[in-house]
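Coordinates in review
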Amino acid sequence: MRHILKNRILKGVVTRHIEPELSNEVEAAGLELLTAIRKRFGRSLHVREVDTGSCGACESEIISANNPIYDLQRFGINFVASPRHADALLVTGPVSKNMLIALKKTYDAMPEPKFVITFGDCALDGGIFKNSYYVEGVIKDILPVALHIPGCPPNPAIMIKSLLAFLKEQ
Amino acid sequence: MDHPEIVSHIRDKFPGDRVSLDPHAYPDELRMHASPESFKGVCLELHKILSSPVMMLFALDERAKLNKFVINCVFADMKKSRWIIVSMDTPPDKACFDSLSKDIYSASLFEREIKEMFGIEPTGNPDPRRLNLHDEVWPQGNYPLRKDFVKMQDGPRGDYRFNRVEGSGVFEVPVGPVHAGIIGPGHFRFSVAGEPIINLETRFGFTHRGAEKLFEGRPYPEAVRISECISGDSAFAHSLAFINAAEKIVGVSVPAKAAYTRGILLELERMYNHVNDIGGIAIDVGFSFPAAYASIIKEAILQLNEKLTGSRYLKNVNLVGGVSIDIDETGKRALLESLGKIKRDIEELARMLEASVSFMDRVDTTGALRRKTAEDIGVVGLAARASGIPMDLRKYFPGIYKDAKFNMITQASGDVLARLRVRISESGESCRLIEEFARDLKEGEEINVVPELREGCAIGYTEGWRGPVLYWLKTDAGGSIERCKIVDPSFHNWQGLSYAVLGNIIPDFPVCNKSFDLSYSGNDL
Ligand code: SF4
């Protein structure tokens, strides 16, 4: 307990512990995002993530977006454990044949209204795994995709900015 | 046992059979060719004298040129810092080889992989089920790693049969492929009687993307980029193992500065993953403050990576012949400064965990993998060291680690606490190594050389944070790839997890799983 208290006091509020420039960007975009989400979804946007064959770096960045530094949750974005609680499906990876059924089932389990976001170059069109014998490739052909977040992997700041741009233009 | 001795020993054991040696092998490889009749015997003998699991076992399709398939089996001779490769030929019309799996457990999954990918029969393997090509979606008779495979042909599909534990009161709990967290897909099937787990069946392959086939026909620069996407959290270790093989083939010697830069980045990759797992173990028993603290440290390391290389996951750095980024004096200063802070934070993190009695109580004796079990099933890398097996390529194939006086870390108990302690100590050791390597970075030295392309085959290896990452590579004269076999340590270690959880309760599975933290995509390829 002593250690926890000491470190709690020493670390302080860490959401500003990144390079000042990036920090300002994230804060500004995040607050705008919060307003946009309030307006469109009432309070918050719930997201369910599905990995359809990613290398794991995309997951790692999504987890990073939830760390105390970026802390996506404070801007109204929540990652949920079940598709039944989700507004959006966030798909990573190039859709391995083995994941096709699971992907469709997860989507079907979500209540309407719902939309799909693809995360990372693989999820757009297979990326580096395009044309492989075991990759279905383009998720757009399988599910209605509303937004793509580019990168390999996209970093948390890009994720926040892409979501903001998307919600603004809706 | 020395190499000439090993060879004469094998020749004495199999007198009727001319076990021949390949004179062109690299200094860290010993290649033997055996006949189909003695292949199994030679492998069993090597397994016994080297006490090495089967590190790799894979096939090559040489039908176009030589009208045969080739099977290669790789063992590690840690003491002599060499890889021992036994190969045999099998004719295309009756392609088969004697299965090793009844005697060497670690061969079993490799054999099933050879069977599904090439249609070569491991005669006597008790388990005919496929691994990555799921029966429900991939018709029988399609062998994608054969050279003449072009497109999937439709045909009958099958079903997958799970092993079952039967008896009154035994019930099954299936989990996955889609899990509750932000994590890769895999299927776990627990058989439980009362509370304790009595069997765990895993089924993977959900992230199979046909990666090995994608390498074929590509030149090095493209292929390195693919190797970075095999397992994203080990992007650097994978590209390093890949180019290690390529550099052996082209015969290039890497500038000193590139070697030290690689050492620094490999250790940074180890650190961010170890810290991530230390936090993960804490969160999986509900201890959230240290977990959040750890994720701040991880973010700091990722940002440091970006500052040094332009990539948070250290991609686009490795080249055949060197590295693409130069760590200059400013970079070095930034590195050492951040490293100092990171080191202090990791020490604080460890102190927080160790000061919590209830946390220590949860991880102590949980998910224990005994040394004997780990040896029998061929567990490697970090998990092996936590069970008391001295095995670290940085020690036994040292390279630049030799001058840095690398200190291998082991634990004896093989439980979650042991794996946690190995991670904590290794993070400290990594800090020290980075400081050592940074001292040897000289301003203005060259960082890469242009390789001459050549044909050949070689093993590339490196100790990633999970364990040994191995690549076996064969190229043609133009430097494009004919075959690339990848073995991520996860492929060996998922088996270890299945045994470590036995007798534990399902609610402890997440923490056991996290303490191994294996890669789905590295396993499934
Ligand atoms: S986009 Fe890049 S980081 Fe993401 S899954 Fe694909 S290869 Fe991995």
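Predicted model, so just to flag it, every value in this text is computed and none were measured. (Residues numbered from 1 in each chain as written. Chains lettered and ligands numbered in written order. Predicted model: local features only at pLDDT ≥ 70, side-chain atom pairs only at ≥ 80, totals over all residues. Heavy atoms only, no water.)

A short note on the nonpolar core
- Among the nonpolar cores identified, the biggest contains 177 residues, and Met 32, Leu 46, Leu 57, Trp 83, Phe 215, Phe 242 and Phe 359 of chain B are the most heavily contacted of them.
- Of the residues forming this core, the biggest block, twelve residues, is contributed by helix α8 (residues 256-284) of chain B.
- When residues of this core are sorted by domain, at least three fall in each of domain 1 (3-123) and domain 2 (256-443 + 494-524) of chain B.
- Residue contacts for Met 32 of chain B: discarding those within four places in its chain leaves Ile 6, Val 7, Ile 10, Val 19, Ser 20, Leu 21, Val 42, Leu 46, Ile 84, Ile 85, Val 86 and Ser 87 of chain B.
- Core analysis: the second largest hydrophobic core is formed by 31 residues, Leu 33, Ala 36 and Leu 45 of chain A together with Ile 296 of chain B among them. (Core = buried A, V, L, I, M, F, W, Y, C linked by side-chain atoms within 4.5 Å. Buried < 20%, exposed > 50% of the residue type's maximum accessible area, 1.4 Å probe, protein only. Helix = DSSP H or I, 4+ residues; strand = E, 2+ residues; numbered from the N terminus. Domains from an automatic or database assignment. Contact = heavy atoms within 4.5 Å.)

Some remarks on the confidence of the model for chain B
- Counting all residues, the mean pLDDT for chain B is 89, and 99% of those residues have values of 70 or more.
- Among the scores for the predicted complex, ipTM is 0.91 and pTM is 0.93. (pLDDT = per-residue confidence, 0-100.)

A few points about a nonpolar patch on the surface
- On the surface, Met 1, Leu 5 and Ile 9 of chain A cluster together into a nonpolar patch covering about 370 Å² of accessible area.
- Assignment of secondary structure puts Leu 5 of chain A in helix α1 (residues 2-11). (Patch = residues over 30% accessible without salt bridge, like charges linked within 9 Å, V, L, I, M, F, W, Y side chains within 5 Å. Areas by Shrake-Rupley, 256 points an atom, 1.4 Å probe, with all protein chains shown as cover. Salt bridge = Lys/Arg side-chain N within 4 Å of Asp/Glu carboxyl O.)

Details of the interface of chain A and chain B
- Each partner contributes residues to the interface: chain A has 50 residues there, and chain B has 54 residues.
- Buried area between chain A and chain B, summed over both chains or domains, comes out near 4100 Å², and the portion from carbon and sulfur atoms is 65%.
- Scanning the region where chain A abuts chain B turns up one salt bridge.
- Measuring nitrogen to oxygen at the nearest pair gives 2.6 Å for the salt bridge that ties Arg 312 of chain B to Glu 61 of chain A.
- Applying the counting criterion to the chain A and chain B interface returns 18 residue pairs in polar contact (both at pLDDT 80 or more).
- Mapped by element, the contributors of at least two residues to the side of chain A that touches chain B are α1, β1 (45-51), α3 (57-65) and α4 (100-109) of chain A.
- A total of seven residues in the side of chain A that touches chain B trace back to one element, the largest contributor, which is α3 of chain A.
- Across the side of chain A that touches chain B, the residue classes break down as 25 nonpolar, 14 polar and eleven charged. (Buried area = accessible area lost by both parts, 1.4 Å probe. Polar contact = N/O pair within 3.5 Å; in protein donor to acceptor, adjacent residues only side chain to side chain. Nonpolar A, V, L, I, M, F, W, Y, C, P; charged D, E, K, R; others polar.)

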